[in-house]
Amino acid sequence: MSGAGAYADQTRRLRTTSAGQLAALQSGQLPPPEAVADKVWAIAAPIPEGSVTYTLSYVLVSADSTSFSILDPGWDSPENLDSLRRSLGLIGLALEGLSTVVATHHHPDHLGIASTLKAMTGARVVLSGIERAVLTYQLSPGLRNPASYTRVLEAWGVPKARRAELVAAFARTPDFSDIEPDVLLADGDVLDLDGHSLTAVATPGHTGGHLCFADNDRGLLYSGDHILPQIHSGFGLGALPGDQPLPDYLTSLQSLRRFAAHEVLPGHEFRFLGLDARAAEISVHQLRRTLRIADLLPELGDAPVWDYARLLHGPGWSRLSGFFLHAALRQTEMHLDLARSPHLAELLAPFPALRPPEAASAGSAD
Ligand SMILES: [Zn+2]
């Protein structure tokens, strides 16, 4: 692979820096607390349901060891609170020493228990200013209005018989609640956590205001759900009107290349080295999907999103229902937007192995 800006080695695999977390993931257990670096611990926060078993929370101990901060404390549940107390006890800390809660984004498996911890300990809560707006928007009553969502389904070309299940899935109450953060961050802000200097790195995509945090002294990147070692965490899972989650996501992945040598401390699974390789892998995965849509453009033209999604998903399409059907349609819409956008060429530029849409002839394996 050659060319300015190209990823030098897309075949190099990432490697885990925690055999314990990898083993726990493979056996479906919660990994025990472990030291990541001087005064940095990783602990697991249990998630009550779904395919992902735990969030990785990070405990950042102050220079004099009298207090600590937690990054992404996880789900708001009695089980997680018990687990947190137990984990802190194992590393010689108690909940009363909590001074700050930092969240990479608003999802309940990251920010979830922050308001409970704030009420219990008086800890301040730190969130991105954009993510605060995203959270407010996600909780706005009009967002889940069945009538306006039905108009979206009509525009997507969803057959009448399939609309009721989608409306039911979409109109459900969100599993997160509001919180008033004490500190709002923007890209480039430096958060001083008494012995931990964290630079906020805006990484919109997964959510509109997602932040990663770089600890350049220790060579660590707290990556939230922006980049995970194995899972594709997805994009557009909480955005503001007018946002472009897919181009934002791809741009954010490329912007992390300056931290290529940092150890990645993700929100799930296991910590690893090989940020560049993983960022390239995720980008290629998504761009291939966009290119498959681009391949369909000459044939389908202005056909509705439903027709594109059906062809994109092939035989698995008939098995999708409810929320998963909604997600597939929404993701297809975002890929379709990018396939028609002049920005596609520049997003493809770092990946010369992916051909431009004009050269397309057949779909690719994915
Ligand atoms: Zn998550």
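For clarity, every value in this text was computed on a predicted model and none was experimentally measured. (Residues numbered from 1 in each chain as written. Predicted model: local features only at pLDDT ≥ 70, side-chain atom pairs only at ≥ 80, totals over all residues. Heavy atoms only, no water.)

Re the packing of aromatic side chains
One pass over the full model with this rule turns up 5 aromatic pairs. Ring geometry for Tyr-149 against Phe-170: centres 3.8 Å apart, planes inclined by 10°, an arrangement best described as stacked. With Tyr-149 in helix α5 (residues 146–156) and Phe-170 in helix α6 (residues 163–170), the pair connects residues that are 21 residues apart, well separated along the chain. Judged by its relative accessible area of 4%, Tyr-149 falls in the buried class. (Phe/Tyr/Trp six-rings, centres within 6.5 Å; stacked < 30°, edge-to-face > 60°. Helix = DSSP H or I, 4+ residues; strand = E, 2+ residues; numbered from the N terminus. Buried < 20%, exposed > 50% of the residue type's maximum accessible area, 1.4 Å probe, protein only.)

Remarks on the pattern of salt bridges
Between side chains of opposite charge, a pair can form when the charged atoms approach closely. Counting across every chain of the model gives 13 salt bridges. One continuous salt-bridge network, built from bridges that share partners, spans Arg-13, Arg-278 and Glu-281. (Salt bridge = Lys/Arg side-chain N within 4 Å of Asp/Glu carboxyl O.)

Remarks on the nonpolar core
Generally speaking, a soluble globular protein has its nonpolar side chains buried in company with each other. Counting residues in hydrophobic clusters, the biggest one holds 30 residues, and the most contacted among them are Leu-221, Ile-227, Leu-256, Phe-259, Leu-275, Leu-287 and Leu-354. For this core, the secondary-structure elements that each account for two or more residues are β11 (211–215), α7 (245–255), α8 (275–300), α10 (322–339) and α11 (344–348). In terms of residues, this core owes the most to one element, α8, which gives 7 residues. Composition of this core by domain shows at least three residues from each of domain 1 (15–138 + 179–273) and domain 2 (142–171 + 298–359). Those residues within four positions of Leu-221 in sequence are excluded, and the remaining contacts are Cys-212, Phe-213, Ala-214, Leu-256, Phe-259, His-262, Glu-263, Val-264, Leu-265 and Leu-275. Judged by nonpolar contacts, the second largest core, of 24 residues, contains Val-61, Leu-84, Leu-111 and Phe-176. (Core = buried A, V, L, I, M, F, W, Y, C linked by side-chain atoms within 4.5 Å. Domains from an automatic or database assignment. Contact = heavy atoms within 4.5 Å.)

Things to note about the domain arrangement of the chain
It is common to give the size of an interface as the accessible area lost on bringing the parts into contact. The domain architecture assigned to the chain consists of domain 1 (15–138 + 179–273) and domain 2 (142–171 + 298–359). A separation of 30 Å is found between the C-alpha centroids of domain 1 and domain 2. Tallying the contact residues gives 10 residues for domain 1 and 10 residues for domain 2. Between domain 1 and domain 2, roughly 970 Å² of surface is buried when both sides are summed, and carbon and sulfur atoms account for 66% of that area. On the domain 1 side of the interface with domain 2, the three residues burying the most area are Phe-235, Leu-246 and Gln-254, jointly 44% of the side's total. On the surface where domain 1 and domain 2 come into contact, there are 0 salt bridges. Those elements giving two or more residues to the side of domain 1 that touches domain 2 turn out to be α4 (129–138) and α7. Broken down by element, the side of domain 1 that touches domain 2 gets its largest block of residues, 6 residues, from α7. A class-by-class count of the residues in the side of domain 1 that touches domain 2 yields 6 nonpolar, 4 polar and no charged. (Buried area = accessible area lost by both parts, 1.4 Å probe. Nonpolar A, V, L, I, M, F, W, Y, C, P; charged D, E, K, R; others polar.)

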